[in-house]
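Here are the chains, one letter per residue:
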Amino acid sequence: MAHRLEVLLGENVIKQDGQTVPVRSLCGKDKVVGLYFSATWCPPCKTFTPTLISFYESLRKEEREGKDQLEIVQISWDRDAEGYTEATKSAPWMSMPYTDRERQRKLSRKMGVHGIPRLVLLDGETGSVITRDGYDRLMEDVTGSAFPWRRKALRDIIKGKLLRLPTEEKDTLEEIDANASLDGKIVGFYFSAHWCIPCRYFDPELMRAYNELKTRGHKFEVVFISADRSEEAFMRHATGMPWVTLPFDDPRIEAIKKHFDVDGIPMLVLVDEKGTIITMNGRQSLNDDPSCKDFPWPPKPVERLAPTSSLCINEHVSVILFTDGSDSGLEQGRAILSESATREAQKGEDKELFFYIAGEDEVSDTVRDFADLDDTCPLLIILDSPEQQVYTCPEVKVTPQIATEFVDKFLRGELTPTTIPPMHPGNEEMEASAVL
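Residues numbered from 1 in each chain as written. Predicted model: local features only at pLDDT ≥ 70, side-chain atom pairs only at ≥ 80, totals over all residues. Heavy atoms only, no water.

Here the focus is the overall build of the chain. Scanning the chain from terminus to terminus reveals 15 helices and 22 strands. Against the 2.2 N^0.38 benchmark of 22 Å for 436 residues, the chain shows a C-alpha radius of gyration of 24 Å, consistent with a compact globule. Within the chain, the fraction of its 436 residues that count as buried is 48%. If you take every contact in the chain between residues at least 6 apart in sequence, the share linking residues at least 24 apart comes to 65%. As presented, the chain carries roughly 21,700 Å² of accessible surface, and 49% of it is formed by carbon and sulfur atoms. Charge centroids of the chain, computed over 53 positive and 74 negative side chains, lie 4 Å from each other. (Helix = DSSP H or I, 4+ residues; strand = E, 2+ residues; numbered from the N terminus. Rg over C-alpha atoms; globule rule 2.2 N^0.38 Å. Buried < 20%, exposed > 50% of the residue type's maximum accessible area, 1.4 Å probe, protein only. Contact = heavy atoms within 4.5 Å. Areas by Shrake-Rupley, 256 points an atom, 1.4 Å probe, with all protein chains shown as cover. Lys, Arg positive; Asp, Glu negative; His and termini not counted. Charge placed at Lys NZ, Arg CZ, Asp CG, Glu CD.)

Here is the structure:
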C-alpha cells in the first residue's frame with residue numbers, strides 16, 4: 001500500500017504548520033486514507049468542510065482500537081497559492097503541496113473527480129478504493145455510524161427471494177432463494193424496461209444467447225432488474241423471460257443500481273462466481289460477439305469503440321486509432337495498439353489509459369465532432385475528455401513503433417494538447433442508452 005499511495009501522492013504531504021509527513025506513515029491495518037478534493041472558490045466546499053472537520057475531529061477523539069482510523073489529505077483545486085494557503089491553514093489534516101500541480105491533476109483524473117467537493121476513501125492496508133462517494137455518504141450519515149461506508153458484498157445485497165415468471169414452457173410463478181440459485185455461476189445483471197426502445201431490440205438477443213449458453217452447459221444465470229414504471233408494465237415485460245427477476249419495486253433494485261453505478265439502460269453487467277465484475281459492457285460484447293465465442297467477455301487491452309464506450313471516454317484518458325472500418329483495417333489497428341495497450345493493462349489499478357480502435361460509423365463521427373477532428377484516416381489521438389484536450393499524432397502512416405512512441409511521450413508529459421472547443425448545448429457527450 002505504501003508504494004501505491006506514494007505513487008498517487010508523492011513521498012510526503014504537509015501539515016498546516018508546514019511540517020512534512022511521510023506518506024507511508026498514513027498506511028497500515030485499520031487505517032482509512034481520505035482524499036479530499038476542494039477549493040476556496042467553491043461554495044459547496046465552504047459548506048461541507050466544517051462538516052468534515054467536525055466528523056474528522058470526533059473520530060480522532062474516540063477510542064477506536066480495532067476500528068478504522070481516518071487520515072485525510074486535502075487536494076487543492078485552488079487557482080493560486082493564496083487560495084491554497086487559505087484553504088489549508090485551518091484544516092486539521094494534511095495536504096498535497098500546492099506546487100505539485102501535475103500530480104494533483106493526475107490524481108483527480110485517476111479518481112474520476114470532475115467536480116468538487118469530493119471525498120474518496122482508500123483502504124490503508126490494500127490501497128483499494130472503498131468509496132468515491134464519501135461526500136454523499138457523510139451527508140447521509142453525519143455521525144459516521146457506518147464509516148467507512150464499505151460496499152456490501154453483492155451476495156449480501158441480493159439475498160432474499162427472486163421470481164421466475166411464467167414462460168411458454170412453464171405457466172407457474174416460482175419463488176427461489178437468490179444466493180442458492182446464483183452460487184457458483186457467472187451472473188448477468190440485466191437492467192431494462194418496457195418503455196425503453198433499445199431494450200426491446202436487445203431483449204430477444206439476450207434471450208437467444210442465454211438459451212444457447214445454457215444448452216452448451218455454461219453455469220450462467222441472468223437477473224432481470226426492471227426500470228418499469230408500473231407493475232402492469234413490469235409483468236407484461238418480464239413474463240416469458242427465461243431467467244430470474246427481482247420483484248417489481250423491490251428495494252434491492254436501487255441498491256444494485258448503486259453498486260454498479262447504473263444510470264442508463266439497457267445495461268448488462270457480468271460478474272464471476274465471487275461477484276467480481278467481469279464486464280460492465282455485456283450489451284456491447286454480445287452485439288460484437290453474437291455467437292458468444294468469447295463469453296463471458298473479459299476486457300481486452302484494445303476495445304472496439306462503441307456507444308457504451310462513452311461512459312469510460314467521458315471520465316478517462318483514451319487512446320483512439322481511427323481506421324477505415326473494414327475487418328482488415330480494424331485488425332491492423334488492434335495490432336498497432338497492442339504493445340502499448342498490453343503494457344498499460346498490466347498496471348492493473350494504476351492503469352491511466354484506455355485503448356480503442358474505431359471504424360467509420362456514427363460513434364466514430366460523434367467522437368470526431370466532439371474533439372473537432374477532420375476525416376483523416378488512419379488517425380491516432382489521445383483524448384482527455386475530463387480536461388477537454390486532445391493530442392493528435394502527426395504521422396500519416398501509423399505503425400506499432402509510432403503508436404508506442406506517441407503514447408510514451410504523452411506519459412512523459414512531452415506532448416502539446418489542443419483545447420477542444422465548446423460544443424452546442426446538449427451535445428457534450430455521446431448518448432449510449434436511455435437515461436434512468
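This next bit is on the nonpolar core. One finds Phe189, Tyr190, Phe191, Val223, Ile256 and Phe260 to be the most contacted residues of the largest nonpolar core, which totals 48 residues. Looking at this core element by element, the count peaks at six residues for helix H8 (residues 197-215). Once you skip the residues sitting within four places of it in the chain, tyrosine 190 turns out to touch Cys199, Phe202, Asp203, Leu206, Val222, Val223, Phe224, Ile225, Trp243, Pro266, Met267 and Leu268. In terms of nonpolar packing, the next biggest core, distinct from the first, is built from 42 residues, Leu35, Leu52, Ile116 and Trp149 among them. (Core = buried A, V, L, I, M, F, W, Y, C linked by side-chain atoms within 4.5 Å.)

Let us look at the layout of surface pockets. Reported here for the second largest pocket is a volume of approximately 340 Å³. Taken together, 14 residues line the second largest pocket, and the ones lying closest to its centre are Trp77, Arg105, Ser108, Val113 and Glu387. Considering every element that reaches the lining of the second largest pocket, the biggest residue donor is helix H4 (residues 101-110), with five residues. Classifying every residue of the lining of the second largest pocket by side-chain character gives four nonpolar, four polar and six charged. (1 Å grid on protein atoms, 1.4 Å probe; cavity = no way out; pocket = protein on both sides within 12 Å on 5 of 7 lines; lining within 4 Å. Points joined across faces, edges and corners; volume = space filled by probe spheres on them. Nonpolar A, V, L, I, M, F, W, Y, C, P; charged D, E, K, R; others polar.)

The next point concerns empty space enclosed by the protein. Scanning the entire structure with this criterion turns up two cavities of 30 Å³ or more. In terms of lining residues, the second largest cavity is bounded by Leu165, Phe224, Ala238, Met241, Trp243, Val244 and Thr245. Its residues assigned to classes, the lining of the second largest cavity comprises six nonpolar, one polar and no charged.

This next bit is on helix H10 (residues 252-260). An α-helical turn contains 3.6 residues, so a residue and the one three or four places further along point in the same direction. If you check which residues of H10 are buried, you get Arg252, Ile253, Ile256, Lys257, His259 and Phe260. Buried residues of H10, viewed axially, fall in a sector of 160°; they line one side. Contact partners of the buried residues in H10: helix H6 (154-158), strand S8 (161-164), strand S10 (186-192), strand S11 (220-226), strand S14 (267-271) and strand S15 (277-279). At the C-terminal side of H10, aspartate 261 shows a positive phi close to 55°. (Arc of directions from axis to C-beta.)

Taken as a whole and assessed by the stated rule, the structure comprises 24 salt bridges. For the salt bridge of arginine 105 with glutamate 102, the shortest nitrogen-to-oxygen distance reads 2.9 Å. Of this pair, arginine 105 and glutamate 102 both sit in helix H4, three residues apart, which is roughly one turn of that helix. The residue arginine 164 makes a salt bridge to glutamate 221 at a minimum N-O spacing of 3.4 Å. Of the two residues, arginine 164 is situated in strand S8 and glutamate 221 in strand S11; the sequence distance between them amounts to 57 residues. Given the relative accessible area of 22%, arginine 164 is considered partly exposed. By relative accessible area, glutamate 221 is classed as buried at 2%. (Salt bridge = Lys/Arg side-chain N within 4 Å of Asp/Glu carboxyl O.)

Here six strands make up an open sheet; going across it, the order is S16-S18-S17-S19-S20-S21 and the pairing mixed. Two strands close off the open sheet at either side, each with one partner strand: strand S16 (302-304) and strand S21 (418-419). Relative to strand S20 (residues 389-392), strand S19 (residues 379-384) runs antiparallel, the two being bridged by four bridges. The residue of S20 that forms the bridge with aspartate 384 is glutamine 389. Relative to strand S18 (residues 353-358), helix H13 (residues 327-345) is tilted by about 175°, and along the sheet it contacts S16, strand S17 (317-322), S18 and S19. (Pairing = 2+ DSSP bridges. Axes fitted to C-alpha atoms, helices over the stretch in contact; angles between N-to-C directions.)

This brings us to the pairing of S19. For S19, the buried fraction is high: six of the six residues fall into the buried class. By the alternation rule, side chains of S19 split into Leu379, Ile381 and Leu383 and Leu380, Ile382 and Asp384, which are all buried. In this sheet, S19 lies alongside S17 in antiparallel orientation, the contact comprising six bridges. Bridged to isoleucine 320 within S19 is isoleucine 381. Counting the residues between successive antiparallel strands, the hairpin from S19 to S20 contains four residues, one of them, glutamine 388, with a positive phi of roughly 55°.

Scanning all chains against the criterion turns up 20 aromatic pairs. Here the aromatic rings of tyrosine 210 and phenylalanine 220 are separated by 6.0 Å at their centres, their planes lie at 55°, and the arrangement is tilted. Of this pair, tyrosine 210 sits in helix H8 while phenylalanine 220 sits in strand S11, placing them 10 residues apart in sequence. Exposure class is identical for tyrosine 210 and phenylalanine 220. Each is buried. Taken together through their ring pairs, the aromatic side chains of Tyr190, Phe202, Tyr210, Phe220, Phe224, Phe234, Trp243, Phe248, Phe295 and Trp297 make up a single cluster. A cation over a ring is seen here: arginine 229 above tryptophan 195, with NZ or CZ 4.1 Å from the ring centre. Positioned above the aromatic ring of phenylalanine 322 is the side chain of arginine 368, whose terminal nitrogen or guanidinium carbon lies 4.3 Å from the ring centre. (Phe/Tyr/Trp six-rings, centres within 6.5 Å; stacked < 30°, edge-to-face > 60°. Lys NZ or Arg CZ within 6 Å of the ring centre and 35° of its normal.)

Gly83, Tyr84, Ala87 and Thr88 are the residues of helix H3 (residues 81-88) that are buried. Along the axis of H3, the buried residues cluster in a sector spanning 120°; they form a single face. Looking at the buried residues of H3, the elements they touch are strand S1 (12-14), strand S4 (69-76) and strand S5 (94-95). Between the side-chain oxygen at the start of H3 and the backbone nitrogen of glutamate 82 there is a gap of 3.3 Å, and the oxygen is on aspartate 80. (Polar contact = N/O pair within 3.5 Å; in protein donor to acceptor, adjacent residues only side chain to side chain.)

Structural measurements only, silent on function.
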